[in-house]
Amino acid sequence: MHVYLNNKLVLSSDAKVSVFDHGFLYGDGVFETMRVYDGVVFMLDEHLSRLYRSASMIGLDLPLNFDSIKVAIYETINANSLKDAYVRLTLSRGYGPVGLDPELCKEPTFIVIAEEFREYPRTFYENGIKLAIAETRRNLKKAINPQIKSLNFLNNILAKMEAKDRGAYEALMLNVSGHLTEGTISNVFFVSDAGAYGGHTPLLCTPSTSCGILDGITRGIVLDIAVRDGVMVKEGEFTREDIYKASEVFITNTTMEVMPVRQVDEVSYKAGNITKLLHKAYREEVRAYVTNIKGSGPSLWGYE
Ligand code: PDD
């Protein structure tokens, strides 16, 4: 297996980072997770824009421009002969003496890992997964803004541990005001039946970015599809009672796509039609995107 480290491909056994790397010492860095379908990185520009935003929010300059990062990503995918893959891009503050001052590090560390995509069990999609609302609260926007896709993932890990202890696959976190935010690696949606908020049709609800969430790329696509297909959407502040009263719940992220939820704490839900419709439409978006990129002729796609 080959890994891209700083400026070249190396064998994974040679892909070594210093113990003085501030990503390792302090979680000082940012990352992105991408999904490759049939050799095409889905929503690559959007992921790079978010990487840039995360890096800017911690005062870190990208060591490469977007085109060079795209080349590095595709070289890594092709060096490993991958078609359906998971790509993890990591950017840390880099090597430097012990100490918090970012100026101690002269060069960021840049890593691309690409691995064959491991499908989630089919039962997750057929029956839905279980979520648990964690005691651990989501990081405050004014502490570590969840919009920074930071290497410091302890907030999420602590919530995930709670979920596992309670036999759930994913945790849901509230913010300090008691409003729903997101999962440990996912965004959350729920459907309220007609009438719940005074409307005449079901309403697709999701916490707004102001609640303190990562504005997931999958979340954005799902919201666009919903609006396009005439599903009423509400981004806002919601409590745990709102989700308990919902008729459908699902979570989204780059690798899970749209994953149905069958239980939140002690409340059960049926596999719902809106969830199914959105997952199908999401898959169609992916297919159209891949076909479009492949049809666009010589481009950054497809270093053979
Ligand atoms: N996680 N919220 C959090 C905290 C996340 O870590 C993620 C993504 C999302 C969904 O974002 P997107 O739709 O852009 O994947 C929301 C990735 C998959 C990860 O941790 O590897």
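The structure displayed is predicted, hence computed values, not measured ones. (Residues numbered from 1 in each chain as written. Predicted model: local features only at pLDDT ≥ 70, side-chain atom pairs only at ≥ 80, totals over all residues. Heavy atoms only, no water.)

Another point: the overall build of the protein chain. Each helix and strand counted, the protein chain has eight helices and 15 strands in total. Here the protein chain has a C-alpha radius of gyration of 20 Å; the compact-globule value for 304 residues is 19 Å, and the two agree. Principal-axis analysis of the C-alpha atoms places the extent of the protein chain at approximately 55 × 50 × 30 Å. The buried share of the protein chain, taken over its 304 residues, is 51%. Looking at the protein chain alone, contacts between residues at least 24 apart form 71% of all its contacts between residues at least 6 apart. Put simply, the protein chain has 33 plus and 38 minus side-chain charges, and the middle of one group is 3 Å from the middle of the other. (Helix = DSSP H or I, 4+ residues; strand = E, 2+ residues; numbered from the N terminus. Rg over C-alpha atoms; globule rule 2.2 N^0.38 Å. Buried < 20%, exposed > 50% of the residue type's maximum accessible area, 1.4 Å probe, protein only. Contact = heavy atoms within 4.5 Å. Lys, Arg positive; Asp, Glu negative; His and termini not counted. Charge placed at Lys NZ, Arg CZ, Asp CG, Glu CD.)

Along the polypeptide, Leu151 turns up in the loop between strand E7 (129-133) and helix H5 (154-165). Each C-alpha atom, one on Leu151 and one on Leu180, is 23 Å from the other, the two residues being 29 residues apart in sequence.

What follows covers the packing of aromatic side chains. In this description, an aromatic ring pair is defined by two values, namely the gap between the centres and the angle between the planes. Considering all chains together, one arrives at 11 aromatic pairs under this definition. An angle of 80 degrees between the planes, with centres 6.1 Å apart, marks the rings of Tyr4 and Phe110 as edge-to-face. One end of the pair, Tyr4, is in strand E1 (residues 2-5); the other, Phe110, is in strand E6 (residues 109-116), with 106 residues separating them in the sequence. Like Phe110, Tyr4 is buried. Cluster of aromatic residues (ring-pair linked, three or more members): Tyr37, Phe42, Tyr282 and Tyr289. Sitting above the plane of the Tyr37 ring, Arg35 keeps its charged end 4.1 Å from the centroid. The aromatic ring of Phe31 is capped on one face by Arg88, whose charged end is 4.0 Å from the ring centroid. (Phe/Tyr/Trp six-rings, centres within 6.5 Å; stacked < 30°, edge-to-face > 60°. Lys NZ or Arg CZ within 6 Å of the ring centre and 35° of its normal.)

To continue, consider the layout of surface pockets. Its volume calculated, the largest pocket comes out at about 680 Å³. As for the largest pocket, its lining consists of 36 residues, and the residues nearest its centre are Phe31, Thr33, Lys149, Ile185 and Asn253. Secondary structure elements with two or more residues in the lining of the largest pocket: strand E3 (29-37), strand E5 (85-92), E6, strand E9 (180-183), helix H6 (217-228) and strand E13 (248-253). Formed jointly, the lining of the largest pocket draws a minimum of three residues from each of two domains, domain 1 (2-116) and domain 2 (122-289). Within this model, the second largest pocket holds a volume of roughly 150 Å³. Lining the second largest pocket are Tyr125, Glu126, Val258, Pro260, Ala271, Gly272, Thr275, Lys276 and His279. (1 Å grid on protein atoms, 1.4 Å probe; cavity = no way out; pocket = protein on both sides within 12 Å on 5 of 7 lines; lining within 4 Å. Points joined across faces, edges and corners; volume = space filled by probe spheres on them. Domains from an automatic or database assignment.)

Neighbouring the ligand are 19 residues, the closest being Thr33, Glu182, Ile217, Thr218 and Thr254. Between a nitrogen atom of the ligand and a side-chain N or O atom of Glu182, the distance comes to 2.7 Å. A distance of 2.6 Å separates an oxygen atom of the ligand from a polar atom in the side chain of Thr218. A total of 470 Å² of accessible area belongs to the ligand in isolation, and the protein chains cover 95% of it. Under a 2 Å grid-point criterion requiring more than half of the atoms, the pocket assigned to the ligand is the largest pocket. At the level of secondary structure, the elements contributing two or more residues to the shell around the ligand comprise E3, E9 and H6. Looking at the shell around the ligand residue by residue, the class counts come to five nonpolar, 10 polar and four charged. (Near = heavy atom within 4 Å. Polar contact = N/O pair within 3.5 Å; in protein donor to acceptor, adjacent residues only side chain to side chain. Areas by Shrake-Rupley, 256 points an atom, 1.4 Å probe, with all protein chains shown as cover. Sits in = over half its atoms within 2 Å of the grid points. Nonpolar A, V, L, I, M, F, W, Y, C, P; charged D, E, K, R; others polar.)

Moving on: the domain arrangement of the protein chain. Here the protein chain is described as being made up of domain 1 (2-116) and domain 2 (122-289). A C-alpha centroid distance of 27 Å is found between domain 1 and domain 2. In this complex, domain 1 contributes 29 residues to the contact, which on the side of domain 2 involves 20 residues. For the domain 1 and domain 2 pair, buried surface summed over both sides reaches about 2000 Å², with 66% attributable to carbon and sulfur atoms. By the criterion of area lost to domain 2, the three top residues of domain 1 are Phe31, Phe42 and Arg50, representing 31% of everything that side buries. Put simply, domain 1 and domain 2 have one salt bridge between them. With its nearest N and O atoms 2.7 Å apart, the salt bridge here joins Asp215 to Arg53. Counting across the domain 1 and domain 2 interface gives nine residue pairs in polar contact (both at pLDDT 80 or more). Elements that contribute at least two residues to the side of domain 1 that touches domain 2 include exactly helix H1 (22-26), E3, strand E4 (40-41), helix H2 (44-57) and E5. Counting residues per element, the side of domain 1 that touches domain 2 draws most heavily on E3, which supplies eight residues. Class assignment of the residues belonging to the side of domain 1 that touches domain 2 gives a composition of 14 nonpolar, eight polar and seven charged. (Buried area = accessible area lost by both parts, 1.4 Å probe. Salt bridge = Lys/Arg side-chain N within 4 Å of Asp/Glu carboxyl O.)

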